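Architecture and fold: a report
Each chain, written out:
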Amino acid sequence: MSGLFDDLLQPLGDKQRDALVSAWAALEYGSEPASEAALPALRDATLRHLLDQMLQRTGRTLVHAGAHLWTSGYRDDITAELAAKGWGILAPLERAALILVLIHSVAIPRAEGQLIGDEWQSPHPTTPTRLRKLSQVHGQRRLSDALQWLRAAGLVRAVRGSDPETAGASYVPGPALRRLTPAARQRLQENLILAVGPDTALATAITVRRSLSRPQEVTFSPRSGS
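Description of the structure in this document. Quick caveat, the model's predicted, so the values are computed rather than measured.

What counts and what doesn't
Residues numbered from 1 in each chain as written. Predicted model: local features only at pLDDT ≥ 70, side-chain atom pairs only at ≥ 80, totals over all residues. Heavy atoms only, no water. Helix = DSSP H or I, 4+ residues; strand = E, 2+ residues; numbered from the N terminus. Rg over C-alpha atoms; globule rule 2.2 N^0.38 Å. Buried < 20%, exposed > 50% of the residue type's maximum accessible area, 1.4 Å probe, protein only. Contact = heavy atoms within 4.5 Å. Areas by Shrake-Rupley, 256 points an atom, 1.4 Å probe, with all protein chains shown as cover. Lys, Arg positive; Asp, Glu negative; His and termini not counted. Charge placed at Lys NZ, Arg CZ, Asp CG, Glu CD. Pairing = 2+ DSSP bridges. Axes fitted to C-alpha atoms, helices over the stretch in contact; angles between N-to-C directions. Phe/Tyr/Trp six-rings, centres within 6.5 Å; stacked < 30°, edge-to-face > 60°. Lys NZ or Arg CZ within 6 Å of the ring centre and 35° of its normal. Core = buried A, V, L, I, M, F, W, Y, C linked by side-chain atoms within 4.5 Å.

Digging into the overall build of the protein
- Along the protein, the regular secondary structure elements total 10 helices and five strands.
- Compactness check: the protein gives a C-alpha radius of gyration of 19 Å against a globular reference of 17 Å for 226 residues, within 12% of the reference.
- The buried share of the protein, taken over its 226 residues, is 43%.
- Considering only residue pairs separated by 6 or more positions, the protein has 59% of its internal contacts joining residues 24 or more positions apart.
- Accessible area for the protein stands at about 11900 Å²; split by element, carbon and sulfur atoms hold 55% of it.
- On the protein, the mean spot of the 26 positive side-chain charges and the mean spot of the 22 negative ones are 4 Å from each other.

What follows is the structure, encoded as structure tokens:
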């Protein structure tokens, strides 16, 4: 960080500089979103603007992660550039496992009125039973490796005791998904629509719109395993 933010930090007093540096570190390296109550730089609008300027210089941006909660994620233009180079793109099996978790833990509960908003946090785990079909196609070991990678990246989180008839962990979406910008969350929602109902009118509209513009992939942050 040496020299990168000097012009932003030098005009400030020690207390404000310390607040900004502390908030920057919490956003970039914390496994969960940071609270305004804990970080003065997030509560103060002027300092929060300076904080976003600091993040912008490294290709990052502030991401609102709930009431009085903030985190950081890649800027959408940086996401597009990384995706175009093939960086940060999930392998097919990892993508399939993540989509399956999101469908059962988020999409279905949301359609049933059990979840609201566009958050990707869910108390409804995807059980081993629901993952069994994918393991039958690709092999249990390969699926286990894919889920282990998703866990290490913070894209899924393991919970136990949700499927008493089957041994093994169940899964819910991980904290890395809270780092997605609104545009990235929309792309992920559209990907779920394409996965669940590829022959629907909504899926057709998404496909046509995407064909008229350069496709973009969701790219995940390497910080804090997300």
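Points about the sheet that holds strand S1 (residues 34–35)
- Taken in spatial order, the three strands of this open sheet run S1-S3-S2, and their pairing is antiparallel. Edge positions in the sheet fall to S1 and strand S2 (60–66), since each of these pairs with one other strand and no more.
- As paired elements, S2 and strand S3 (residues 69–74) share six bridges and run antiparallel to each other. Opposite Leu62, over in S3, you have Ser72 as the bridge partner.
- Sheet strands in contact with helix H2 (residues 14–29) are S1, S2 and S3, and its direction is about 65° off that of S3.
- Strands S2 and S3 of the sheet are contacted by helix H4 (residues 45–56), whose axis makes an angle of about 130° with S2.

Overview of the environment of Gly197
- Tracing the backbone through its elements, the reader meets Gly197 in the loop between helix H9 (182–196) and helix H10 (201–211).
- A relative accessible area of 16% places Gly197 in the buried class.
- Separated by 192 residues in the primary sequence, Gly197 and Phe5 place their C-alpha atoms 47 Å from one another.

Here we look at unusual backbone geometry
- A positive phi angle, near 65°, is found at His68, a position not held by glycine.
- Checked against the element boundaries, His68 lands in the loop between S2 and S3.
- Overall, the relative accessible area of 53% leaves His68 in the exposed class.

Structural notes on the packing of aromatic side chains
- Across all of its chains, the model carries two aromatic pairs by this definition.
- Ring centres of Phe5 and Trp24 lie 5.9 Å apart, and the angle between their planes is 65°; on these two criteria the pair is classed as edge-to-face. Here the residue Phe5 occupies a position in the segment before helix H1 (6–9), and Trp24 occupies one in helix H2, the gap between them amounting to 19 residues.
- Residues Trp24 and Tyr29 carry aromatic rings whose centres are separated by 5.9 Å and whose planes lie at 75° to one another, so their mutual orientation is edge-to-face.
- Judged by its relative accessible area of 10%, Trp24 is buried.
- Tyr29 gets classed as exposed once you look at its relative accessible area, which sits at 51%.
- Clustering of aromatic rings is evident, with ring pairs tying together Phe5, Trp24 and Tyr29.
- One residue, Arg60, lies across the ring of Tyr74, its end atom 4.7 Å from the ring centre.

Concerning the nonpolar core
- Core analysis: the biggest nonpolar cluster contains 28 residues, and Leu102, Leu150 and Leu155 have the highest contact counts within it.
- Counting 20 residues, the second largest nonpolar core, distinct from the first, contains Phe5, Ala19, Leu27 and Leu62.

Comments concerning the pairing of S3
- Counting buried residues along S3, five of its six residues qualify, which places the element largely inside the surrounding structure.
- Relative to S3, S1 runs antiparallel, the two sharing two bridges. Residue pairing across strands places Ala34 opposite Trp70, the latter belonging to S3.
- Hairpin remark: S2 followed by S3, antiparallel, with two residues in the connecting loop; positive phi at His68, about 65°.

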